[in-house]
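Summary of structural features
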Amino acid sequence: MRYLLTRVGLFVLTLWAAVTLNFVLPRLMPGSPLDAALARLAASGQQVTNAQVRAIEAQLGSPHGSLLSQYGQYLSDIVHLRFGTSFTDPTQSVASAIGRALPWTLVLVGVTTIIAFVLGTLLGAFAGWRRGRRSDAVITTTATFFGAFPPFWFGLLLLFGLAFRLQWFPISGGFSEGATPNLSWSFLGDAATHSVLPGLTLAITTLSGWVFGMRNTMINTLGEDYVVFAEANGLRERTVALGYAARNALLPNVTAFGLSLGAVVGGSVLVEGVFGYPGVGQLLFKAVTNHDFPLMQALFLVITVSMLVTIFIVDLLYTRLDPRVRAEGGDAS
Amino acid sequence: MSVLSAGSLAEPGATPGAGEHGPVVVREHPGVPGPLVFLGRAGATIWSNGKARVGVVILGFFVLMALLAPLVAPHDPAATDFTPYLGPSATNWFGTTGNGQDVFSQFLYGARVSLLVGLAAGFGATFVAVVLGLVSGYRPGVVDAVIGFVTNLALVLPGIPLMIILAAYIPSHSVWTIVLVVALTAWATGARVIRSQAATLRTRDFVRSAQFSGERLGRIVFREILPNMTSLVAASFFAASTAAVMAEASLEFLGLGNPATISWGTILYQAQQQNSLLTGQWLMIFAPGLAIALLAMSFTLINFGVDALSNPRLREKA
Amino acid sequence: MSAPVESPRQAPPLLTARGVDVVYEPARGVRIWSVRGVDLDLAQGEFVGLVGESGCGKSTLGFALTRLLRPPARLDGGSIEFDGTDIATLTGEALRRQRRGGFALVLQSGMNALNPVRTVEHHVRDVLRAHARPGERWDRPAARERARELLAMVELDADVLGRYPHELSGGMRQRVSIALALALEPRLIVFDEPTTALDVLVQKAVMGTIARLQAERGFTALLISHDLGTVLEATQRTLVMYAGRIVEDSPSDALRTGSHHPYTEALLACYADPRADEVTLGGIPGSPPDLSLDDPGCPFAPRCAYVQDVCRVVDPELTPLGRGRAACHVRAAEAGLPVPEVERVR
């Protein structure tokens, strides 16, 4: 039980810190946040409308109130999902814009991350087991190469080769023009076709991280006494490799899963922008281009919270994998 | 660890050279292997790793490219002398930008910014990581707990979105803004590793004896503890540099850099703005992206050698 | 109870090793010959001790005999015949099959020898299933039954079955390790410092169990230890190792008295017999030789109080001494055996 409580406590504390950081950041900048936002808008050559000024004020809280009251207002807004109105599309509330984009990203990033993690871990375990041999060299070299690709650039290459030249996949968007998002099979198929390239881009560029993480822990685990002893007892090679070495080498990598998630999410922001994929990444991409501060801040918050929730879930799953942590809970209850 | 690690083969000192196989080069007597000898040996270990050697060669190539850009570049990278949107030709190998600048010359000069940002931000992030990691690892208790929490927070915050927000808010848009932003976001992994190593070393005999003999804190930390984690610091540096090169390209690609800066990221930004993939100017995308990938890869490759410094199990067979 | 060593053995030995060399080849740095030209016979049902200081190659030899060396260590030469089969050249599946009814190893620290994510029962099941013969089916109930028997042999309750390694004490873990080795029904068990990581009372108890099992089940045991006292108490025959070579082979009960290899005598001087009225503790001056060099002569010569010219030039062979054998020119000469003539140095 103690493990669980610690996790929940840390989760809440981290959540609070992230939310507060989001509040503090714009106020740390020189000058009033309102002025700073307006200056950025003016510098970008946009006409600053009264609606935009009001939108920024709504987002930042009244600049005249005390910092504490601003903070209180900010927290209450978040709890009620009141993120203000977008600059670019004043008819849209920020909350509804994000609400429409979020499922796309959750599915895209979720599916590709799971695929990349499973595949990368298997490849890494294999490379570690056969280390120093040819298959290890091939896997390591390939992973080093692809892992160095900036995801957005690799996306552009795939776009050029597979979509523009070969026309195997649609060039842009999350679904065909004219289609209305619904849960029919034909629409889901259409959306899946549109997701292949961004998914492939994300999976391939993040795969190497999992490969190296697993290979390193695998090599360390292979030196452990229990692997030597398993061999001394004449267990089958497969049992030693999977049940003894890889099974234990996996543990630190599951812990690292949450920490590596940031890179995947960061990569997806730019990749979605490149492919015009209708997720939160592209929304952030657009928000940055248009200096849409309310949208930007709300998106950062949503991305952070989704990540924290994912890490929390992974932490809970970890208890199923490591009997040492599980037992700690069992003893206390 | 099994009995078959070479380290347990002989008592320390029993066999000359046995110490070389140990996991950390422990400097029991400050000053005996001087810093230069130490660095030389570290360099030799890195060079003995085939992958790291390739990395050093690639990095060397880009350093030369950055230094020699004014001599090698066929045109002034900023001059708008040419017809805009040209494809590759004999005069403009990589074509021209929408402003009529020579992309190849820009490409050569771009190495300067990428290297500068990569190394400067890598240095900044490593500096933060070393300071926080050492303090946190050497001072258990409240200080450690607070720094630990901040480090974990920085680890779980999504890096690129955070950088985007920071860069969007910071009014000035110079290369140094990006260096600052990257340094502020890329230190956490290194800090965590250094913290745990410092915490381990704190309880080692040679540190204990220095404490009892009344050495000053600064001396203990910098003479006894820091030299024993050179490989960790180096690994943090190259990891942060990789992140910095990637982040710089990403931020500039998003248009969050200064468009007047000549760098691989801004070339990509311009290419994206002018839809150059669809107009046949694919080299404008391909070349700078590949350069970023190769530079990032060189750092990763060098880190293979650095890893082998600290973990003999990862060493390659000669 | 100990069979006289000098009398010819009736049955052929269970294990015969000839000229075993083990070399460490690290990626960087020097090669080290950790075991050099070791000849060794182990008879069926014999309890043999192998002693020496850290780094003398005794653990490496144990790993070589059970074919568990891994890079950078490598078997560089020699033959190891186990029950008539040369196991030195076997690899992969053929080697793995030899382990049932063959040779087992119990590691230095049973602490880390068990898989942290597997229960004790699961460990036993893994071993049983890995060696199932045609017609043998180790389903869960059958495996559990066998696991109970094995645990009973090492004096553990059946409720240990469902536990994970971290829920067991050090002594219990080492007993589980022994039970797992017994699951192979081995004819030889190499115990590599089996009690070093345990505290004193537990050490005694575990050693007692090992001795009882060896006597009851009649397997051959090789006990590797740096603790001369433990070895002398438990074993019938003691091998002394120095700088990768076996320098003495003597019945354990004959070791405390009489003339021995100077290194053995030095070791005995370091070991304080707790029953002695007066205890004098001595160290051995100097340090072991550099194993990366191939210096001629006796490896102990630089530290030996009785060193002669011949010792610095000719590597001594094991020759009869008292009821055992020793590799020493000085002792050979005292016993009236021929010693190689050398030109006077200088």
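Because the structure is a prediction, the values reported are computed rather than measured.

**Comments concerning the overall build of chain C**
- Secondary structure summary: chain C contains 9 helices and 12 strands in total.
- Projecting the C-alpha coordinates of chain C onto the three principal axes gives extents of approximately 75 × 50 × 45 Å.
- Per-residue burial for chain C yields a buried fraction of 47% across its 346 residues.
- Intrachain contacts of chain C at a sequence separation of at least 6 include 65% that bridge at least 24 residues.

**Overview of the nonpolar core**
- Of all hydrophobic cores here, the largest spans 266 residues; its most connected members are A:Leu299 and B:Val182.
- Structurally, this core is a two-domain feature, drawing no fewer than three residues from each of domain 1 (13–102 + 184–345) and domain 2 (119–182) of chain C.
- If near-sequence neighbours (up to four positions away) are discounted, A:Leu299 is found in contact with A:Ile98, A:Val280, A:Leu283, A:Leu284 and A:Ala287.

**Considerations on the interface of chain B and chain A**
- Taken together, the contact pairs 38 residues of chain B with 47 residues of chain A.
- Counting residues per element, the ones that place at least two in the side of chain B that touches chain A are α4 (142–156), α5 (159–169), α10 (230–253) and α12 (283–310) of chain B.
- Counting residues per element, the side of chain B that touches chain A draws most heavily on α12(B), which supplies 8 residues.
- Across the side of chain B that touches chain A, the residue classes tally to 30 nonpolar, 6 polar and 2 charged.

**Observations concerning the pairing of strand β3 (residues 47–51) of chain C**
Residue and element names in this part refer to chain C.
- Within β3, 5 of the 5 residues are buried, which leaves it mostly tucked inside the rest of the structure.
- By the alternation rule, side chains of β3 split into Phe47, Gly49 and Val51 and Val48 and Leu50, which are all buried.
- The pairing of β3 with strand β8 (residues 220–225) spans 5 bridges and is parallel. Across the sheet, residue Gly49 finds its bridge partner in β8, namely Leu223.
- In terms of strand pairing, β3 meets strand β9 (residues 237–242) through 4 bridges, oriented parallel. The partner of Val51 across the bridge, within β9, is Val240.

Analysis parameters
- Residues numbered from 1 in each chain as written.
- Chains lettered and ligands numbered in written order.
- Predicted model: local features only at pLDDT ≥ 70, side-chain atom pairs only at ≥ 80, totals over all residues.
- Helix = DSSP H or I, 4+ residues; strand = E, 2+ residues; numbered from the N terminus.
- Buried ≥ 20, exposed ≤ 12 C-beta atoms within 10 Å, placed from the backbone.
- Contact = placed C-beta atoms within 7 Å.
- Core = buried A, V, L, I, M, F, W, Y, C linked by C-beta atoms within 7 Å.
- Domains from an automatic or database assignment.
- Nonpolar A, V, L, I, M, F, W, Y, C, P; charged D, E, K, R; others polar.
- Pairing = 2+ DSSP bridges.

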